[in-house]
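Here is how the chains run, residue by residue.
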Amino acid sequence: MNPYLAGVILGLTLLASFLILGAGLGASGGLARMAAYGELCVAPEHTLSSAYFGAWGSDPLRYYLVFMLAGLVLGGLFSALLSGRTSILVERGASSPRSLRIILALAGGVLVGFASRLAQGCTSGQALTGSALLASGSLVFLACVFAGGYAAAWFVRRQWHD
Amino acid sequence: MIETFFGQDALSTPGAFLAALFLGAFFGVALEQAGFGSSRRLAGIFYFRDMTVLKVMFTGLIVAMLGLAYCTGLGWVRADQIFYLPSIYGAQIVGGLIFGVGFALGGWCPGTAAVGLASGKLDALLFLGGAAGGSILFNETFDLVQPLYVLGDRGVQLAWENLGVSQGAFALAFTLVAVGCFWGAEAIERKRTGGGEYLNTPFLKTFSVALVFLAVGLFALSGTGTSGGPAAPPATEVGILAEVESAADHLEPEDLADRLLAGGTDLLVVDVRSAAEYEEFHIRGAIHVLLPDLPAQLEPYKNRGTIVLYSNGMTHPAQARDALARLGFQNVRILTDGLAGFRERCLKPVSLRDDPVPPEEARKINAWRAHFSVSDAAAPGAAAALGQVAVSAAPGASVPRSTGLPGLVETEWLARNLAMKGLRIIDCRSQPSYNGGHVPGSVCMTPEHFRGVVRGISASLLPADILGRHLSLLGLRPEDTVVILPEEKLQDATLIGIALERAGHLNYAILTGGFAKWAKENRPIDTRLPEIVESRYPVNLEADRFSVDAAFVLERVQRGGAIILDVRPADYYSGKKSDEARAGHIPGAINRPFSEDVTKSGDLTVFKPAEDLEKAYAAIVPSKDSTVIVHCRTGHQASQTFFVLRNLLGYKNVLWYGAGWTEWAARPELPVEGPKDTSSSPGS
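Predicted model, so just to flag it, every value in this text is computed and none were measured.

Secondary structure assignment for chain A yields seven helices and zero strands. Going from N to C terminus, chain A has its helices and strands arranged as α-α-α-α-α-α-α. Buried positions account for 62% of the 162 residues belonging to chain A. For chain A, the computed accessible surface area is about 5,700 Å², with 69% contributed by carbon and sulfur atoms.

This next bit is on the pairing of strand 11 (residues 481–485) of chain B. Residues and elements named next belong to chain B. Counting buried residues along strand 11, five of its five residues qualify, which places the element largely inside the surrounding structure. In strand 11, alternate side chains face the same way, and those of Thr481, Val483 and Leu485 on one face and Val482 and Ile484 on the other are all buried. Looking at chain direction, strand 7 (residues 423–427) and strand 11 are connected through five bridges and run parallel. Within the sheet, the bridge partner assigned to Ile426 lies in strand 11 and is Ile484. For the crossover that starts at strand 11, traverses helix 22 (residues 490–502) and ends in the parallel strand 12 (residues 508–511), the hand is right-handed.

Another point: the nonpolar core. Among the nonpolar cores identified, the biggest contains 101 residues, and Leu21(A), Tyr64(A), Phe99(B) and Phe174(B) are the most heavily contacted of them. In terms of residue count, helix 3 (residues 52–73) of chain B provides more of this core than any other element does, twelve residues in total. Not counting residues within four places of it along the chain, the set of residues in contact with Tyr64(A) comprises Leu21(A), Ala23(A), Leu11(B), Phe17(B) and Ala20(B).

On to the sheet that holds strand 14 (residues 590–591) of chain B, then. Residues and elements named next belong to chain B. Read across the open sheet, the four strands follow the order 14-13-17-18; overall the sheet is parallel. Strands at the two margins of the open sheet, each flanked by one partner only, are strand 14 and strand 18 (653–657). As paired elements, strand 13 (residues 563–566) and strand 17 (residues 627–631) share four bridges and run parallel to each other. Note that in strand 17 the partner of Asp566 across the bridge is His631.

Here we come to the packing of helix 2 (residues 28–42) of chain A against helix 6 (residues 122–140) of chain B. Contact geometry of helix 2 of chain A with helix 6 of chain B gives a least axis separation of 9 Å together with a crossing angle of 70°. Judged by the inter-axis angle, helix 2 of chain A sits roughly perpendicular to helix 6 of chain B. Regarding helix 2 of chain A and helix 6 of chain B, the two cross each other, and that crossing is right-handed. Together, Leu31(A), Ala32(A), Ala35(A) and Glu39(A) of helix 2 of chain A and Leu128(B), Ala131(B), Ala132(B), Ser135(B), Ile136(B), Asn139(B) and Glu140(B) of helix 6 of chain B make up the contact between the two elements.

What follows is about the pattern of salt bridges. Close approach of charged atoms lets side chains of opposite charge pair. All names here are of chain B. Under the counting rule described, the total for this entry stands at 36 salt bridges over all chains. Taking the shortest distance from any N to any O, the salt bridge between Arg321 and Asp322 comes out at 3.3 Å. Between Arg667 and Glu669 there is a salt bridge, with its nearest N and O atoms 3.0 Å apart. Within the structure, one salt-bridge network assembled from shared partners comprises Glu412, Arg416, Lys517, Glu521 and Arg523.

Here we come to the interface of chain A and chain B. The interface of chain A with chain B comprises 124 residues on the first partner and 128 residues on the second. Interface area for chain A against chain B, summed over the two sides, is near 10,900 Å², with a carbon-plus-sulfur share of 73%. Sorting the residues of chain A by area buried against chain B places Tyr4(A), Leu118(A) and Leu134(A) first, and these three jointly supply 8% of that buried surface. Summed over the shared surface of chain A and chain B, the number is three salt bridges. Arg85(A) is the salt-bridge partner of Glu32(B), the closest N and O atoms lying 2.9 Å from each other. Applying the counting criterion to the chain A and chain B interface returns 40 residue pairs in polar contact (both at pLDDT 80 or more). Elements that contribute at least two residues to the side of chain A that touches chain B include exactly helix 1 (3–20), helix 2, helix 3 (44–49), helix 4 (64–82), helix 5 (98–118), helix 6 (123–132) and helix 7 (136–153) of chain A.

One can find Ile334(B) in strand 5 (residues 332–335). Residues within four places of Ile334(B) in sequence aside, it is in contact with Asp249(B), His250(B), Leu251(B), Val308(B), Leu309(B), Met314(B), Pro317(B), Ala318(B) and Arg321(B).

So, on to the confidence of the model for chain B. All names here are of chain B. Mean pLDDT for chain B: 84, with 89% of residues reaching 70 or above. Below pLDDT 50 for its whole length, residues 224–236 participates in 19 contacts with residues either more than four positions away or in separate chains. Every residue in residues 376–405 is under pLDDT 50, and counting partners more than four places away or in other chains gives 68 contacts. If you check the scores for this complex, the pTM reads 0.52 and the ipTM reads 0.98.

With that settled, the discussion passes to the pairing of strand 17 of chain B. Residues in a regular strand project their side chains so that they alternate between the two faces of the sheet. All names here are of chain B. Across the five residues that make up strand 17, a large majority, four, are buried. Relative to strand 18, strand 17 is paired through five bridges, and the arrangement is parallel. Bridge pairing in strand 18 links Val630 to Trp656. Assessed by its sense of winding, the connection that carries the chain from strand 17 through helix 27 (residues 636–648) to strand 18 is right-handed.

Take Ser119(B): it is sitting in the loop between helix 5 (110–118) and helix 6. Residue class for Ser119(B) comes out buried when judged on its relative accessible area of 2%. The residues contacting Ser119(B), other than those within four sequence positions of it, are Ala80(A), Arg85(A), Thr86(A), Ser87(A), Glu32(B) and Gly37(B).

Quick look at the sheet that holds strand 12 of chain B now. Residues and elements named next belong to chain B. Strand order across the open sheet formed by five strands is 6-12-11-7-8, with parallel pairing between neighbours. The sheet is open, and its two edges are formed by strand 6 (407–409) and strand 8 (443–444), each paired on a single side. The strands touched by helix 22 within the sheet are strand 7, strand 11 and strand 12, with strand 12 carrying the most contacts at an inclination of about 175°. Docked against the sheet, helix 27 engages strand 6 and strand 12, running at close to 90° with respect to strand 6.

Let us now look at helix 6 of chain A. With ten of ten residues buried, helix 6 of chain A lies mostly within the body of the structure. When helix 6 of chain A is considered as a whole, its buried residues turn out to be Thr123(A), Ser124(A), Gly125(A), Gln126(A), Ala127(A), Leu128(A), Thr129(A), Gly130(A), Ser131(A) and Ala132(A).

Rules of the game
Residue positions are given per chain, counting from 1 as you read along its sequence in written order. Chain letters start at A and ligand numbers start at 1, both assigned in the order the entries are written. At least 70 in pLDDT is required for a residue's local features to be given in this predicted model, at least 80 for side-chain atom pairs to be given and counted, and no such filter applies to totals for whole chains, interfaces and linings, which use all residues. Think of the side-chain values as coming from all heavy atoms in the structure, minus any hydrogens and water. Here a helix means four or more residues in a row that DSSP labels H or I, a strand means two or more in a row labelled E, and each is numbered from the N terminus. Only protein chains enter the calculation, and the probe is 1.4 Å; a residue is then buried if its accessible area is under 20% of its type maximum, exposed if over 50%, and partly exposed in between. In these tables, accessible area is a Shrake-Rupley quantity obtained with a 1.4 Å probe, and a residue counts as shielded only by the protein chains included in the view. The pairing criterion for strands is at least two bridges between them, as found by DSSP. If you view a crossover with the strands going away from you and the path from the first strand over the helix to the second runs clockwise, you call it right-handed. Put simply, a nonpolar core is a bunch of buried Ala, Val, Leu, Ile, Met, Phe, Trp, Tyr and Cys residues held in one set by side-chain atoms that sit within 4.5 Å of each other. Any two residues whose heavy atoms approach within 4.5 Å at even a single point are treated as in contact. The angle between two axes is taken between their N-to-C directions and runs from 0 to 180 degrees, where each axis is a line fitted to C-alpha atoms and a helix contributes only its stretch in contact. Convention used here: angles under 35 degrees read as roughly parallel, angles over 145 as roughly antiparallel, angles from 65 to 115 as roughly perpendicular, and any remaining angle as oblique. In this scheme the handedness of a crossing depends on how the near helix is turned from the far one: anticlockwise by less than a right angle means left-handed, clockwise means right-handed. For this analysis, a salt bridge means a side-chain nitrogen from Lys or Arg found within 4 Å of a carboxyl oxygen belonging to Asp or Glu. Note on definitions: buried area is the accessible-area loss of two parts on being combined, 1.4 Å probe, summed for both. As used in this structure description, the phrase polar contact means that two N or O atoms lie within 3.5 Å; if the pair is within protein, one of them must be able to donate a hydrogen and the other to accept it, and residues adjacent in sequence are counted only when both atoms belong to side chains. One number per residue, pLDDT, summarises how confident the predictor is, and it ranges from 0 to 100.

Okay, structure coming up:
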């Protein structure tokens, strides 16, 4: 699809979220809640007494962002099936080893998971939502994401080499 | 006017969940259609190969920004209906940098990875697993990271306000930057890969013009184009209206609370409600001025510091503010949502809030509550603070706060407040049970610690001065909050409660379910003894106005004017069973066994629901103002009924005859009503 058109749909969805929920879009919040739920299943006592997850109580999944994340996966699946873009694979450059891509995806995930808790949001919840509200800190976050990204990209370029 | 789920405090309701599910689905479709189900494509932006991320994100951002500006500008939605993200610069800078590195490494961000997973990408699954792990890592290292998490917290900050320009001007500039980026991105793609298929196309030209046109259109909306920057003093009606429009005349409850707590001396808070309402409760530090007297009373503060007006709602203060502005006052603001808003947003206990509260905010709320839950005119110390915490004491709200009104708290509340300064926990279980594991920081104390032989009567509650020594050895201070953990016998906890009250310490509550419930819920348990520094508890010898002696009861028996509740088991009341000098009961006493007020919840003993108790006692006691004397054998069981009536149900005149039947039966001159064969009462 025309990226600008996709952007307009994204913007209207964000606007609808502001007007209906009174809060913007978010993805990492739902994911963190699932992580909290997982930790709760393994070590309930420890999790409930921890300072961060503990504040979410014994039922962290009862939260609107968890449902938004579920919708996000379903919407993505619907669209991917419709456009015939589903295929099970580890995406990487043709001449790059699979193991490198696996390690980098995992390591990137850990950094992103940690950082989105620290900054209270990710590209959706902080950069996109906060910037649309013209919140100063969110604009700073957006700039820092790209600064960090460009600084690191050169070192991990091999994973995309064909 | 649109009311959002957030604005109605309903983000955790099924309706909001359903809306979030659908919005998420649209979000997913938008990302997938943009091609973000591919990490290779996402990562392309970092190598200037594929600038789709920039195009989609910037378009979405500008569309939402302009859309929201129109909706607020046209008055369709108020800004307070939307959650504005706070600016916490330290956390956002460091978080952003780490996030960016992770983004470049992983080739995903959380939202796009969810879509990637839906498209079958295994690297997306790995990335999400890693991100969940990263969240857990954050939780586990929170103690270390916490200073960074709140570093540079400036609350809500808007870029255009910070830059001192109008919202319209900023939005237009931002839109122009976005359009420039679109053209730049297309040009880069063309140069690097031969892409850039929209460069110079009629589509991109039309699209660019449309966005700029919409941004310029914002200036046509009243207020938006002119209200930016530090507000100029409004000399005219137009000026007043402009300020009102832009809500520059409001002060948010949180901001007021923070400024007052910080000891802000540049602030004059004025309560314009009735004198009676002010007497009952007001924001600590506020002065009381009636509306007609405002101009005269506030003249000395005209344009000096900030004057904040509040009432229950906002209408009266808003009118008063406008009237004052016409008289040249330029420093008057009104409290957003009035006292009701202040109570809701600053004083509502964390445990009663629907949405989870981040730890930092919880600390703030607790600090506000500790400071503002007491009006300066109300009871001394923090006696009232717990009145509002009392989760289960439903009818408590109507009782004057000066009674202290302790009640019940739940384990959830205790878990969250375990680290609260001045929280003291008394565990009523036996010492061996306590030694085997207890709530961290709790002390082991049974009612027997507070009882002794007083004037020949065994098992009497000790006098206040001796109790004071006990409390000092516990390290208790008057401002502390005491939570008592009962075992099976709730009367153990209530007797300790009555001991506290005798010494003048009203700020206590009983934990529903006691230690057993705490342990069952797998909450933290410790075997170490607490570290206690002895205090010097200033006992209030006048505090005990609820204890009565036999002479007082006899007078009421003879002259009436009080309901005597005998809370012993029915067989003892009737005289069928007796462990005392005489069998039977005080003439005219009504039997309401204490055991009727509790119930079993699983294997836990708990108080019956407040509604049930309310109903039961309404059938016995005519009104909440009636004088009620409770007694049992030695005051132990009666302490429970005392607690139920006064602290849970809000009866105002409850008296406790502690010496009870032990004394009454042993003094032959006192009248007894009992089984005919054993009656030896001289009065009958």
